[in-house]
Amino acid sequence: MATSIDLRGGGAPTTTRPHPLDNAVWAALDGPHAHLADRVGRAARYPADVYAFAALADPGDPAAWADLLTLVGPGTAVRIKPVDRVPDGWEVTGGGEGVQLAATEAFRTEPEPEAVRLGPDDVPEILDLVARTRPGPFLRRTVELGAYLGIRHRGRLIAMAGERLRLPGWTEISAVCTHPDHRGNGLATQLIRAVGDGIRARGDTPFLHAAVGNTPAIRLYESLGFTLRRRSTIVSVRTPGTSGDFTAF
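Residues numbered from 1 in each chain as written. Predicted model: local features only at pLDDT ≥ 70, side-chain atom pairs only at ≥ 80, totals over all residues. Heavy atoms only, no water.

*Asks:* Lay out the overall build of the protein chain in plain terms, naming residues and giving numbers.
*Replies:* When helices and strands are tallied, the protein chain shows five helices and eleven strands. For 249 residues, the compact-globule estimate of 2.2 N^0.38 gives 18 Å, and the protein chain sits close to it at 18 Å. Along the three orthogonal principal directions, the C-alpha set of the protein chain runs to about 50 × 45 × 30 Å. Counting all 249 residues of the protein chain, 47% fall into the buried class. Once local pairs closer than 6 in sequence are excluded, the contacts in the protein chain between residues at least 24 apart make up 74%. Entry remark: accessible area of the protein chain is about 12,100 Å², with carbon and sulfur atoms responsible for 48%. (Helix = DSSP H or I, 4+ residues; strand = E, 2+ residues; numbered from the N terminus. Rg over C-alpha atoms; globule rule 2.2 N^0.38 Å. Buried < 20%, exposed > 50% of the residue type's maximum accessible area, 1.4 Å probe, protein only. Contact = heavy atoms within 4.5 Å. Areas by Shrake-Rupley, 256 points an atom, 1.4 Å probe, with all protein chains shown as cover.)

Next up, the structure:
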């Protein structure tokens with residue numbers, strides 16, 4: 001049976017504005033994560049050691065791209081999503097396709113008694129686990145974006161998941177990973193449910209991103225009650241001009 005999805009995300013339906021999930025990074029930087037934003041006009045970015053993405057209020061607006069150039073400077077590498085095309089003079093240096101999934105009513109959440117809250121002191125262990133499992137970008141200060149939970153075995157961090165993008169009515173579940181020696185025990189499911197429980201407790205709706213080719217993860221999320229909402233293009237670009245101090249953002 002198909003499960004309906006409420007795309008209001010805890011707020012009133014919008015008829016005149018794009019849905020915040022359509023441009024989630026911007027909605028976060030312009031909303032709950034505004035305190036982390038480095039911003040010029042209609043362009044913003046996270047600190048480079050928090051989340052290596054910039055965002056535009058409207059990727060189709062040339063003025064927003066001009067603001068981004070002012071923000072990061074010439075000859076600078078930037079990652080942006082979602083983007084269908086870039087202006088003349090901007091060099092595309094890489095990219096990929098991602099999928100976005102949103103929780104339906106079928107997604108069951110519950111606390112996980114074994115889970116512990118992870119913080120700055122746990123970052124070395126987190127980065128080691130991320131290096132082993134490659135769940136997606138995780139940097140030295142990513143843990144500041146929201147609540148991250150982990151499960152330990154004999155004192156060693158073996159699984160984790162947490163909150164990344166937070167926008168009005170919605171919070172992203174991210175960094176879902178399990179040490180290879182402990183896979184197949186349902187730890188990812190337990191942590192996704194536990195992180196989702198905290199998100200729903202404050203009235204938000206969980207959502208997720210995954211690489212389009214990460215079929216095992218997508219199947220897991222769908223089995224838990226998430227539904228595919230959209231595909232989007234991620235691009236790495238270099239701003240026009242040259243700089244003596246090239247910065248890889």
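Here the narrative resumes, following the displayed structure.
*Asks:* Go over the layout of surface pockets with me, naming the residues and quoting the values.
*Replies:* The computed volume of the largest pocket comes to approximately 880 Å³. Lining the largest pocket are 40 residues, with Pro-135, Gly-136, Asn-214, Ala-217 and Tyr-221 sitting closest to its centre. When contributions to the lining of the largest pocket are tallied by element, the ones reaching two or more residues are strand S5 (91–103), strand S9 (170–178), helix H4 (187–201), strand S10 (205–211), helix H5 (215–224) and strand S11 (226–238). Counting residues per element, the lining of the largest pocket draws most heavily on S9, which supplies seven residues. Across the lining of the largest pocket, the residue classes break down as 19 nonpolar, 14 polar and seven charged. (1 Å grid on protein atoms, 1.4 Å probe; cavity = no way out; pocket = protein on both sides within 12 Å on 5 of 7 lines; lining within 4 Å. Points joined across faces, edges and corners; volume = space filled by probe spheres on them. Nonpolar A, V, L, I, M, F, W, Y, C, P; charged D, E, K, R; others polar.)

*Asks:* Help me get a handle on the environment of Thr-227, residues and values and all.
*Replies:* With respect to the helices and strands, the residue Thr-227 is situated in strand S11. Put simply, Thr-227 and Asp-38 are 189 residues apart on the chain and 32 Å apart in space, counted from C-alpha to C-alpha.

*Asks:* A description of the packing of aromatic side chains should follow, citing residues and the corresponding values.
*Replies:* On inspection of all chains with the given rule, the structure shows seven aromatic pairs. With centroids separated by 5.5 Å and ring planes inclined at 70 degrees, the aromatic side chains of Tyr-46 and Tyr-51 adopt a geometry described as edge-to-face. The exposure class of Tyr-46 is buried, given its relative accessible area of 0%. Following the ring pairs from residue to residue traces out a cluster consisting of Tyr-46, Tyr-51 and Phe-53. Of note, Lys-81 hangs over the ring of Phe-53, and the distance from its end group to the ring centre comes to 4.8 Å. (Phe/Tyr/Trp six-rings, centres within 6.5 Å; stacked < 30°, edge-to-face > 60°. Lys NZ or Arg CZ within 6 Å of the ring centre and 35° of its normal.)

*Asks:* Can you lay out the pattern of salt bridges for me, pointing to particular residues and giving the numbers?
*Replies:* The full count for this structure, using the stated rule, is 17 salt bridges. With its nearest N and O atoms 3.0 Å apart, the salt bridge here joins Asp-61 to Arg-42. Remark: Arg-42 occurs in the loop between strand S1 (38–40) and strand S2 (43–45) and Asp-61 occurs in the loop between strand S3 (54–56) and helix H2 (62–72); sequence separation between them is 19 residues. Classification of Asp-61 as buried rests on a relative accessible area of 18%. By relative accessible area, Arg-42 is classed as partly exposed at 35%. Note that Arg-164 is salt-bridged to Glu-172, the shortest N-O span being 2.8 Å. Here Arg-164 matches Glu-172 in class, with each residue buried. One salt-bridge network, in which partners are shared between bridges, spans Asp-49, Arg-140, Arg-141 and Glu-144. (Salt bridge = Lys/Arg side-chain N within 4 Å of Asp/Glu carboxyl O.)

*Asks:* Account for the side chain of Thr-239, with residues named and values stated.
*Replies:* As for its position among the elements, Thr-239 is in the segment after S11. Among the polar contacts listed, one links the side chain of Thr-239 to the backbone nitrogen of Gly-75, at a separation of 2.9 Å. Those residues in contact with Thr-239 that sit more than four places away from it in its chain are Leu-69, Val-72, Gly-73, Pro-74, Gly-75, Thr-76, Val-78 and Trp-90. (Polar contact = N/O pair within 3.5 Å; in protein donor to acceptor, adjacent residues only side chain to side chain.)

*Asks:* Tell me what's going on with the side chain of Thr-76, and back it up with residues and numbers.
*Replies:* Tracing the backbone through its elements, the reader meets Thr-76 in the loop between H2 and strand S4 (77–80). Separated by 3.1 Å, the side chain of Thr-76 and the backbone oxygen of Val-72 make a polar contact. A polar contact is formed between the side chain of Thr-76 and the backbone oxygen of Gly-73, at a distance of 3.2 Å.

*Asks:* Before we move on, could you go through the nonpolar core and cite the residues and values that matter?
*Replies:* By size, the foremost hydrophobic cluster in this structure holds 25 residues, and its most contacted members are Ile-173, Val-176, Ile-192, Tyr-221 and Phe-226. Looking at this core, the elements with two or more residues in it are S5, strand S7 (148–153), strand S8 (156–167), S9, H4, S10 and H5. A total of seven residues in this core trace back to one element, the largest contributor, which is H4. With residues up to four places along the chain from it excluded, the contact list for Ile-192 reads Phe-107, Ile-173, Val-176, Leu-220, Tyr-221, Leu-224 and Phe-226. Judged by nonpolar contacts, the second largest core, of 20 residues, contains Leu-29, Ala-44, Tyr-51 and Leu-165. (Core = buried A, V, L, I, M, F, W, Y, C linked by side-chain atoms within 4.5 Å.)

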